[in-house]
Amino acid sequence: MIELIIAQRRRDLGSFEVGRVLPFAQRRMVGPYIFFDRMGPKQIAPGLPREADVRPHPHIGLSTITYLFDGEIMHRDSLGSEQAVRPGEVNWMTAGRGITHSERFEKLRAQGGPLDGIQAWVALPDGREEMDPGFWHYANHDLPVFDDDGLTGRLIAGSLAGVTSPVKVDSPQFYVHWQLRAGARVSLPAEYPERAVYVASGEVEIDGERVEAGKMAVLVPGKAATIATHSGAVVMALGGEPVGPRYIDWNFVSSSPERLDQARADWAAGRMKLPDLDHEEFIPLPPKLGAKPEPMS
């Protein structure tokens, strides 16, 4: 049932750690999902340094999804958006032909508290990579809720088992947050060709194979999977229809390596507008890696 297990690679950012899951050398994408990072968990003391903030930076060719278990992050972008995201809510930003944004920890800096969440990127499909950028916020009561037989959770985006989230998506996909109490189980249907299950906390068995916290199990296609836990677990399940090979360079995603070069040149030349409410600093363009980008699929 499990094709591959990916362990998150932890990276210390100074104030907290991030666990990178996707992209992975043996599995770059799951459906349209091309990037998956776990922030925390970390108890933040008041006075968090400003260096912990993610300063204004650019994106093209993707949508970003910020979803928190704990804490608060303030989003500001070049469309004029200013929106905090809190646990159970969704900040969904579509870059399309280009957007810039920042993510700052202002409330945690002032008050301290826990930080724990996921940031994912979804590659836009052919014909929509250069769409107009947009930003949408969804409150936790906007999302479909699961509450049955020891299972609670939310359908963050897309459709699954006849349920559809109001979150705007641009290709067939699903993204769900499940909390399983001790002894609970849930079936993940086989309705998408690519699916994966990330264990945020606890431990699960997927058709009898054990998957620990911090690991993502990529599932074989065509069969429903049973996710069970003896002691309780929190999992994120995601996937969808593939969008075709994609290249990635820094914060840019595209089906064309030449488009990535253009995005780098635009950022270096200052042709991408900074957020209206956060324009006094930005992240400089990093050096280009010597190797040519390889397509991901």
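Before reading on, note that the structure itself is shown above.
The following paragraphs examine the structure supplied in this document.

Calculation notes
Counting restarts for each chain: residues are numbered from 1 in the order of the written sequence. Where local features are concerned, this predicted model is filtered to residues with pLDDT of at least 70; where side-chain atom pairs are given and counted, the filter is 80 or more; whole-chain, interface and lining totals use all residues. The side-chain values count all of the structure's non-hydrogen atoms but skip hydrogen atoms and water molecules. Helical segments are the DSSP runs of H or I of at least four residues, strand segments are the runs of E of at least two, and each set is numbered from the N terminus. Partly exposed describes any residue whose relative accessible area lies between the buried limit of under 20% and the exposed limit of over 50%, with all areas from a 1.4 Å probe on protein chains only and scaled to the type maximum. Pairs of N or O atoms are called polar contacts if they sit within 3.5 Å, as long as, within protein, a hydrogen donor faces a hydrogen acceptor (for residues adjacent in sequence, only side-chain-to-side-chain pairs). Working rule for contacts: check all heavy atoms of both residues, and any pair within 4.5 Å makes them a contact. Salt bridge, as applied in this entry: a Lys or Arg side-chain nitrogen positioned within 4 Å of an Asp or Glu carboxyl oxygen. Whether two strands pair depends on DSSP finding at least two bridges between them. Fitted lines through C-alpha atoms serve as axes, helices being fitted only where they are in contact, and the angles separating the N-to-C directions of these axes extend from 0 to 180 degrees. We define the nonpolar core as a collection of buried residues of types Ala, Val, Leu, Ile, Met, Phe, Trp, Tyr and Cys that are connected through side-chain atoms lying within 4.5 Å of one another. Geometry of aromatic contacts follows a simple scheme: Phe, Tyr and Trp rings, the Trp one being its six-membered ring, pair when their centres are within 6.5 Å, and the pair is stacked under 30 degrees between planes, edge-to-face over 60, tilted otherwise.

1. Description of the side chain of His 101
For His 101, the location among the structural elements is in strand β10 (residues 99–104). The class for His 101 is buried, based on a relative accessible area of 1%. There is a polar contact of 3.2 Å between the side chain of His 101 and the side chain of His 59. Residues in contact with His 101, not counting those within four places in the same chain, are Arg 55, Pro 56, His 57, His 59, His 75, Arg 76, Asp 77, Met 93 and Pro 275.

2. Focus on the pattern of salt bridges
Evaluated as defined, the whole model comprises 28 salt bridges. Of the charged contacts in the structure, one is a salt bridge between Glu 130 and Arg 259, with a shortest N-O distance of 2.7 Å. Here Arg 259 lies in helix α2 (residues 257–268) and Glu 130 lies in the loop between β11 (113–123) and β12 (134–138), a separation of 129 residues in the sequence. Judged by relative accessible area, which is 18%, Arg 259 ranks as buried.

3. So, the sheet that holds β11
Strands sit in the order β2-β3-β4-β11-β6-β9-β12 across an open sheet of seven strands; the sheet is antiparallel. Looking along the sheet, the strands with just one partner apiece sit at the ends: β2 (9–12) and β12. Neighbouring strand axes in the sheet, compared pairwise and without regard to direction, differ in orientation by 20° on average. The pairing of strand β6 (residues 62–70) with β11 spans eight bridges and is antiparallel.

4. Regarding the nonpolar core
In terms of nonpolar packing, the biggest core is built from 29 residues, with Phe 36, Ile 65, Val 90, Tyr 175, Met 216 and Met 236 touching the most fellow members. If we ignore the near neighbours within four places in the chain, the residues touching Phe 36 are Gly 19, Arg 20, Val 21, Leu 22, Ile 118, Gln 119, Ala 120, Tyr 175, Tyr 198, Met 216, Met 236 and Leu 238. Core analysis: the next-biggest nonpolar cluster, separate from the first, contains 25 residues, Leu 160, Val 186, Leu 188 and Ala 233 among them.

5. Considerations on the sheet that holds β10
Ordered in space as β5-β10-β7-β8, the four strands form an open sheet in which the pairing is antiparallel. Two strands in the sheet have a free side with no partner beyond their single neighbour: β5 (54–59) and β8 (82–85). Going from strand to strand, the sheet's axes swing by 25° on average, the running direction of each strand aside.

6. Let's talk about the packing of aromatic side chains
Under the counting rule described, the total for this entry stands at ten aromatic pairs. Where Phe 146 meets Trp 178, the ring centres are 6.1 Å apart and the plane angle is 75°; that geometry is what we call edge-to-face. On the criterion of sequence distance, the pair formed by Phe 146 in strand β13 (residues 145–148) and Trp 178 in strand β16 (residues 173–180) is long-range, its members being 32 residues apart. Each member of the pair, Phe 146 together with Trp 178, is buried.

7. Quick look at the environment of Gln 26
Here Gln 26 shows up in the loop between β3 (17–22) and β4 (33–44). In sequence terms Gln 26 and Pro 284 are 258 residues apart; their C-alpha atoms lie 30 Å from each other.

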